[in-house]
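Chain by chain, the residues:
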Amino acid sequence: MAVLKVKFTKTKRDKLAQILWILNWVSVVSGIILFSLGLFLKIEIKKRNEVMAKGDINSVPNLLISVGVIACIINFLGGKICYDCSDANKFSRWKLVMLPYIVCTFCFTFCILVGALMCYTMRNELEESLYLGLRDAIKFYKDTDIPGRCFLKKMVDLLQIGFRCCGNNGFRDWFEIQWVSPRYLNMASKDVLDRLKSNVDGKFLVDGVPFSCCNPSSPRPCIQYQLTNNSAHYNYDFLTEELNIWTRGCREALLDYYTGIMRSIGIAALLIWLFELCVLIGVRYLQTAMKNVLLLGDLEGESEGWLLENSFVETAKYNINIIKNLGKANQISTVSSMNDPNINVQNTDCGKTNVTTKSIPAAR
């Protein structure tokens, strides 16, 4: 029994073909939107690629870009098919193409759904990538004279200023690394030498942060050094001086930023998926209705269209049997060729050399 069977008159078939022609051109625009969203996300990730560890974080923008390009091609072809389906004679040219087209479009819409869901599921991967990338960037903050790392100081400072954050998880991350370049340390100073000797690795560690961690909204000049020493500053308590420096970690700030972008892209991709699914259902009805018109032979009469010719269970069983038979086809051909008595049979007549023939006497 057909699933969701609908009767179509010629007028309804023509209107459905015209509507689908318009919707396919709208789908081309939606493909351009998907491509643009994927490209935007890829550019945003590339802007801060230095503070992200290498991983699969580019899989989502790459998928959206690919799906967007495919959407433009498929929907352009779909518009041409639907335009020709308004005429039964022109439909005969596409009759064998429409079912494979519908199957390919279904797989394509599934890819859109996967891309939309990945926008919500890659938060953990992005968080790990940011954690490892920021950790290394902060670690090499002081290496302003080393090629390949000299840009990290400027990038981290701009990042902390722009996103109003400090450190990886927080401002205390700067206490655990040497972020001051050795070229700016006075080795004749007793305090510097004592700090270097007090550390097992010989690092110059201070309870201070770079200037980019300072909050410009602070009512007092920024305190960068001896942040946890209340006696070092007048009228100062580091537990209550929340406005002095940014207390939020850059990993959290960047994660919220990219999560917000991906949520918006995910919602847009889901809406495009629903729209593409509706167009695909319409094309399926048009294909079955036009196919039945040709079978009936009355191009002006009514015809039935459906989503599935049989029930869901019967359709699933039918497709599973096709897949099974495809797997067995090679085995059957191999076994039958082994048991074929006509194979490897020698022709005994071909090897004969002494063949007795009757001689025809010559005329005298």
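Each value, and the rule that gives it
Per chain, residues are indexed from 1 in the order of the written sequence. Totals for whole chains, interfaces and linings use every residue, but because this is a predicted model, local features are given only for residues with pLDDT of at least 70 and side-chain atom pairs only at 80 or more, for both listing and counting. Based on all heavy atoms of the structure, the side-chain values leave hydrogens and waters out of the count. UniProt positions are given in the numbering used here, feature names are shortened, and annotations may be inferred rather than shown by experiment. The rule is simple: put a 1 Å grid over the protein atoms alone, call a set of points where a 1.4 Å probe fits but cannot get out a cavity, call an open set with protein on both sides within 12 Å along at least five of seven lines a pocket, and count a residue as lining if it has an atom within 4 Å of a point. Grid points are joined across faces, edges and corners, and a volume is the space filled by probe spheres set on the points. Throughout, the ten residues Ala, Val, Leu, Ile, Met, Phe, Trp, Tyr, Cys and Pro are labelled nonpolar, Asp, Glu, Lys and Arg are labelled charged, and all others, Gly among them, are labelled polar. To obtain an axis, a line is fitted to C-alpha atoms, over the contacting stretch when the element is a helix, and the angle between two such axes runs from 0 to 180 degrees between their N-to-C directions. Counting from the N terminus, the helices are DSSP H or I runs at least four residues long and the strands are E runs at least two residues long. Working rule for angles: under 35 degrees goes down as roughly parallel, over 145 as roughly antiparallel, 65 to 115 as roughly perpendicular, anything else as oblique. Should the near helix be turned anticlockwise from the far one by less than a right angle, the crossing is termed left-handed; should it be turned clockwise, right-handed. The aromatic pairing rule takes the rings of Phe, Tyr and Trp, using the six-membered ring of Trp, and pairs them if the centres are within 6.5 Å, calling planes under 30 degrees apart stacked, those over 60 edge-to-face and the rest tilted. Whether a residue is buried, partly exposed or exposed follows from its accessible area with a 1.4 Å probe, protein chains only, as a fraction of its type maximum: under 20%, in between, or over 50%, in that order.

- If you check an unreviewed UniProt entry, the protein appears there as RDS2 protein from Mohoua ochrocephala.
- Taken verbatim from the UniProt record of the protein, the Subcellular location (unreviewed entry) comment is "Membrane".
- Checking UniProt for the protein, the heading Sequence similarities (unreviewed entry) contains the comment "Belongs to the PRPH2/ROM1 family."

1. Quick notes on the layout of surface pockets
Over the atoms a probe the size of a water molecule is rolled, and this reveals where empty space is left.
Here's step 1: Estimated volume of the second largest pocket: approximately 300 Å³.
Here's step 2: Lining the second largest pocket are Y131, R135, I138, K139, K142, N168, N169, D173, E176, I177, Q178 and K203.
Here's step 3: Class assignment of the residues belonging to the lining of the second largest pocket gives a composition of three nonpolar, three polar and six charged.

2. Things to note about the packing of helix α1 (residues 10-47) against helix α2 (residues 59-84)
Here's step 1: Running from amino to carboxyl end, α1 crosses α2 at an angle of 165 degrees, the nearest separation of the two axes being 7 Å. One finds that α1 runs roughly antiparallel with respect to α2. At the point where α1 passes α2, the crossing takes the left-handed sense.
Here's step 2: Looking at the contact of α1 with α2 residue by residue, the classes come out as 22 nonpolar, nine polar and one charged.

3. Considering the packing of aromatic side chains
Here's step 1: The tally for this structure, following the rule as stated, stands at nine aromatic pairs.
Here's step 2: When the ring of Y141 is compared with that of W174, the centres are 5.0 Å apart and the planes differ by 70 degrees; the resulting orientation is edge-to-face. In this pair, Y141 is assigned in the loop between α4 (123-139) and α5 (152-163) and W174 in the loop between α5 and α6 (190-198), connecting sequence segments 33 residues apart.
Here's step 3: Taking the relative accessible area as the measure of exposure, Y141 reaches 3% and is therefore buried.
Here's step 4: According to the relative accessible area criterion, W174 is buried, its value standing at 0%.

4. Describing the packing of α1 against helix α7 (residues 250-296)
Helix packing for two helices is described by the angle between their axes and how far apart those axes are.
Here's step 1: Their axes nearest at 9 Å, the elements α1 and α7 cross at an angle of 155 degrees. Between α1 and α7, the angle falls in the class roughly antiparallel. The handedness of the crossing between α1 and α7 is left-handed.
Here's step 2: Class assignment for the residues of the contact of α1 with α7 results in 27 nonpolar, four polar and three charged.

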